[in-house]
Amino acid sequence: MIWVLLLPLAWALAGAACTRLCLAAVRAASADDDTGRGHDLTLYEAAFLSGGPGRVADLTMVSMARRRRLLLARTGWATVVDPRGRDEMERSVIGAIGPAGQSRIAPARAAAAASDAVGGLADRLVRAGLAVPDGSRTTVAAGVRQVRAAAAAVLALGATALLAPGPSDMPRDLLALWFALPLALTLGCLAMARVEAHPYTRWASPAGQRLLSALTRHTGATADDGTCLTSVAVRGIRAVREPDLRAAFAHREQDTRG
């Protein structure tokens, strides 16, 4: 009789998660008007909309390294070569590295990502309707994760009910069907979100996603340094072509895990 307790729980989890996802999709659709029309994204804006504050710090470091204003060693250390930042993002990176002019990449990146310069960039994008407000990041992307978790929970609850020892007043095939219904609800909701709201993102609003898509299409047209930096802004460190830079940021990942 354990299924009497587990089945309502499965329905409650599935229903709550799907409802949150649908509400998030409705809110996103209602805000998706002509916002962002005619706005040309800067590289920093594209980086934030694609990957948040950390992506902005990565882009700034890569840009400075390519212009020989910052040395990123294969050992995972950052050394300031030119202490005069060309913009507020570069100055935030130099400040994050510290007065000694040298620091591990991981803590410098974290400090730069938390700087006032990146915070101001985020605020401007939110006011322009291109970024999701910080308090509202439980949107479509988070809703999809919740529905996935609910689907896994329904599977686990159904398996528990079917494998529970002892007699049951309900045939197992009928019991499996009852648990299959909330599972079908979650999977159907995920399929609809995939069609209607993909790609999911934590940072960009629907208007921001449109601008990012246009920027990505333009990136493939040429192969100059600006385009390479655009790829880093949109795709992250995996778009870096230089082996030395990739090795430097590989140390960053190790420091983060450590």
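Presented here is an overview of the structure given in this document.

Next up on the list: helix H5 (residues 116–127). Over its 12 residues, H5 extends 16 Å from the first C-alpha to the last, a length consistent with the 16 Å expected when each residue adds 1.5 Å. Those residues of H5 lying buried are Ala 117, Val 118, Leu 121, Ala 122 and Leu 125. Buried residues along H5 cover an arc of 140° about the axis, so they all sit on one side. Within H5, the exposed residues directed more than 90 degrees away from the buried face are Asp 116 and Arg 127. Of the surrounding elements, those touching the buried residues of H5 are helix H2 (43–66), helix H3 (88–97) and helix H4 (105–113).

We now examine the pattern of salt bridges. This structure, assessed with the given rule, holds seven salt bridges. In this structure, Glu 90 and Arg 69 form a salt bridge, with 2.3 Å as the shortest nitrogen-oxygen distance. Separated by 21 residues along the polypeptide, Glu 90 in helix H3 and Arg 69 in the loop between H2 and strand E1 (70–72) bring together distant segments of the chain. Take Glu 90 and Arg 69: they sit in the same class, and that class is buried. Close ionic contact of Arg 86 with Asp 82 constitutes a salt bridge, the shortest N to O distance being 3.8 Å. Taking the relative accessible area as the measure of exposure, Arg 86 reaches 57% and is therefore exposed. Owing to a relative accessible area of 12%, Asp 82 belongs among the buried residues under this scheme. Linked by salt bridges that have partners in common, Asp 82, Arg 84 and Arg 86 make up one network.

A separate point is a positive patch on the surface. Together, Arg 145, Arg 148, Arg 194 and Arg 202 give the surface a local cluster of positive charge. Position of Arg 202 relative to the elements: it lies in the loop between helix H7 (172–197) and helix H8 (206–219).

When two helices pack together, you describe them by how their axes are tilted relative to each other and by the distance separating the axes. At a closest axis distance of 9 Å, the pairing of H3 and H5 adopts a crossing angle of 145°. Taken together, the residues of H5 that come into contact with H3 (itself represented by Glu 88, Met 89 and Ser 92) are Ala 117, Val 118, Leu 121 and Arg 124. Here the contact of H3 with H5 is composed, by residue class, of four nonpolar, one polar and two charged.

The rules we used
Residues numbered from 1 in each chain as written. Predicted model: local features only at pLDDT ≥ 70, side-chain atom pairs only at ≥ 80, totals over all residues. Heavy atoms only, no water. Helix = DSSP H or I, 4+ residues; strand = E, 2+ residues; numbered from the N terminus. Expected span 1.5 Å × (residues − 1). Buried < 20%, exposed > 50% of the residue type's maximum accessible area, 1.4 Å probe, protein only. Arc of directions from axis to C-beta. Contact = heavy atoms within 4.5 Å. Salt bridge = Lys/Arg side-chain N within 4 Å of Asp/Glu carboxyl O. Patch = residues over 30% accessible without salt bridge, like charges linked within 9 Å, V, L, I, M, F, W, Y side chains within 5 Å. Areas by Shrake-Rupley, 256 points an atom, 1.4 Å probe, with all protein chains shown as cover. Lys, Arg positive; Asp, Glu negative; His and termini not counted. Charge placed at Lys NZ, Arg CZ, Asp CG, Glu CD. Axes fitted to C-alpha atoms, helices over the stretch in contact; angles between N-to-C directions. Nonpolar A, V, L, I, M, F, W, Y, C, P; charged D, E, K, R; others polar.

Keep in mind that these numbers describe shape and distance, not what the molecule does.
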